[in-house]
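Now for the letters of each chain:
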Amino acid sequence: MNVFLIGMIISMLAYILLGFIISRKVKDSNDFFVAGRRAPTFLLVGSLVASYCGTGLYFGDAGESYAGIFSPLIILGSMLIVGYVLGGVFFGRYLRRSECNTIPEFFGKRFNSPALKKLAAVTQVITIVVYLLSTMQGIGTLMSLVTGMDYNLCILLALITFALLTATSGSKGVLITDTIMFGLFTLVTVAVIVVSTVKGGGWFNIVEALAQSKPEVLSWSGDLSYLYPTGAQNMVWAFAYGIVWMSVCMVAPWQASRYLMAKNEHSVIRSSIWAAFFVFVLEFVVKGGAALLNIFAPDIADQSHIIIWASTQLVPTVLGVVMVTGILAAGISSATTFLSIIGSAVANDFFTIKEDRKKLSIGRISIIITAIIVMVFAYFNPPQVFWIMFLGATVVACSWLPVCIASIWSKRVTKTGAFCGMLFGFIACGATKIYASVSGVSLPVFLDPFFVGIIANIIGLVVGSAFTQVTDEEKQRREALFVMPESEKDIVDIKKTKRTVLASISLGIIVTLVLLIFWVIPYTVSL
């Protein structure tokens, strides 16, 4: 048994134990599904970042940055963080104000439509199962790579860990463990990249060396032999998926559902801003660090393993073990979030259960069943963490984004329009992706599933609303969302939120300066 396996087993046992401890504080379904609606800002930040930064970042994004599309991916990353702020301010606080337990329930309540609620629940579960598959594959790959254990045994151990943690402690446990894991993988990621770059002569020296030896790695266009054959197409792809991931950070269930647990709307807004900051830090450190690792290992066999390679080959063993357990924590945190949402959806959206104890039981059983189903998929499907992750993100953006925006800000959208928009977006995106995969056809960038799906959604939204009328119930329920509760008018909270919002203005400046100082200027000068 090697030291990496020991570290992983200790961490998994600790998370399971913590789940059982937290479960003693879960008194009812309100605690289990929405953490009693008492989550403070720092727990929301931890969960928002942890549920985003799973194995997809450390395997998928890192591997693709190393392979040659760092520039498109960092542009994408700079765009997506805006989604947190937009989501918190223009969607999340109204979502919390609805006092629903799930986002599908919000759609059903807002449009007085059980059919829309069911459709939203179906699209949500399918999307999360796809995303959970990429997370489980990432965890299995990580454990198998550093321990030498069988891949299938690794995903079984991972499944037991996050299924038990989620089923016992629910959303309350997910929030607390997410925050602990967020602190762990953030600190250790920065430490590993710093130590690695220092070993190579420092960040700026490595940038200069890469500009001379492999300029395509850090060039604006990316490696033209990797994704698309022209820089313009790669930039179109970057901006398109920048919108996709901005949408994910705005309205995806594993992100926006955190706001349902907030103790007030001020926590929603403040957490969205801080989440944007920490996600950018991790996006730049992981993607930039992975690109620079080309200087140490220019021809690694599997590009998605580059961060693991650095953790086991470049840094001291102790730091490497902590880094590997940190990546494991990132994967588990994402998985627990996904499973808790599915449990909540089954208990609240697919069934109408009034008895509290029965609702808890159904939620827990559905969590276990979902974990087993995803494990079966992971067993028969070879790991493709990056592209499976992007498929899940694209589907949720195409299904939900226009409907989420319209549900708050449009007076003319109807239940029929919302239903058609969500259905058309989901089908168009999924069908396009399946066609491209089955036929082996490489679609031009303007026929990417995202473009096809989002246009179909908007068409369905507009046409469906044009032939129907907004009912009195729909009008009243939208107007109710704009009535601010008295509890939100606390002067101290208002001042804290204003200070955070003002501080967020500097975020754009910080992002620009970091990209200029650590990438654009040193790379350009070294050419």
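In this report, we go over the structure that sits alongside the text. (Residues numbered from 1 in each chain as written. Predicted model: local features only at pLDDT ≥ 70, side-chain atom pairs only at ≥ 80, totals over all residues. Heavy atoms only, no water.)

Digging into the layout of surface pockets
Volume-wise, the second largest pocket comes out at about 260 Å³. Around the second largest pocket, the lining comprises 13 residues; the ones closest to its centre are Trp203, Phe284, Val285, Val514 and Phe518. Broken down by secondary-structure element, the contributors of at least two residues to the lining of the second largest pocket are α7 (151-199), α11 (265-292) and α19 (491-526). With five residues, α11 is the largest single contributor of residues to the lining of the second largest pocket. Of the residues belonging to the lining of the second largest pocket, the class tally is 12 nonpolar, one polar and no charged. (1 Å grid on protein atoms, 1.4 Å probe; cavity = no way out; pocket = protein on both sides within 12 Å on 5 of 7 lines; lining within 4 Å. Points joined across faces, edges and corners; volume = space filled by probe spheres on them. Helix = DSSP H or I, 4+ residues; strand = E, 2+ residues; numbered from the N terminus. Nonpolar A, V, L, I, M, F, W, Y, C, P; charged D, E, K, R; others polar.)

Notes on a positive patch on the surface
Residues Lys263, Lys495, Lys496, Lys498 and Arg499 make up a contiguous surface patch of positive charge. Checked against the element boundaries, Arg499 lands in helix α19. The exposure class assigned to Arg499 is exposed, which follows from its relative accessible area of 54%. (Patch = residues over 30% accessible without salt bridge, like charges linked within 9 Å, V, L, I, M, F, W, Y side chains within 5 Å. Areas by Shrake-Rupley, 256 points an atom, 1.4 Å probe, with all protein chains shown as cover. Salt bridge = Lys/Arg side-chain N within 4 Å of Asp/Glu carboxyl O. Lys, Arg positive; Asp, Glu negative; His and termini not counted. Charge placed at Lys NZ, Arg CZ, Asp CG, Glu CD. Buried < 20%, exposed > 50% of the residue type's maximum accessible area, 1.4 Å probe, protein only.)

With respect to the nonpolar core
One finds Tyr58, Phe107, Leu218, Trp245 and Ile307 to be the most contacted residues of the largest nonpolar core, which totals 167 residues. Apart from the residues within four sequence positions on either side, Phe107 is in contact with Leu116, Ala120, Trp400, Val403, Cys404, Ser407 and Met422. (Core = buried A, V, L, I, M, F, W, Y, C linked by side-chain atoms within 4.5 Å. Contact = heavy atoms within 4.5 Å.)

A short note on the packing of helix α3 (residues 41-52) against helix α13 (residues 317-350)
The contact between α3 and α13 brings their axes to 7 Å, and the two run at 105°. One finds that α3 runs roughly perpendicular with respect to α13. Contacts between α3 and α13 involve Ser47, Ala50 and Ser51 on the former and, on the latter, Ala330, Ser333, Ser334, Thr337 and Phe338. Of the residues contributing to the contact of α3 with α13, the split by class is three nonpolar, five polar and no charged. (Axes fitted to C-alpha atoms, helices over the stretch in contact; angles between N-to-C directions. Parallel < 35°, antiparallel > 145°, perpendicular 65-115°, else oblique.)

Quick look at the packing of aromatic side chains
Summed over the entire model, instances satisfying the criterion amount to 27 aromatic pairs. Residues Tyr94 and Phe482 carry aromatic rings whose centres are separated by 5.1 Å and whose planes lie at 45° to one another, so their mutual orientation is tilted. Pair noted here: Tyr94 is in helix α4 (residues 55-97) and Phe482 is in the loop between α18 (472-481) and α19, with a separation of 388 residues, a long-range link. The class for Tyr94 is buried, based on a relative accessible area of 4%. On the basis of relative accessibility, which here comes to 32%, the residue Phe482 falls in the partly exposed class. Ring centres 5.6 Å apart and planes at 85° place the aromatic pair Trp254 and Phe338 in the edge-to-face group. Residue Trp254 is located in helix α10 (residues 253-256), and its partner Phe338 is located in helix α13; the two are separated by 84 residues in the primary sequence. For Trp254, a relative accessible area of 0% puts it in the buried group. Given the relative accessible area of 0%, Phe338 is considered buried. The ring centre of Phe111 lies 4.3 Å from the NZ or CZ of Arg110, which sits over that ring. (Phe/Tyr/Trp six-rings, centres within 6.5 Å; stacked < 30°, edge-to-face > 60°. Lys NZ or Arg CZ within 6 Å of the ring centre and 35° of its normal.)

Fair warning: the whole summary comes from geometry, so function is off the table for now.
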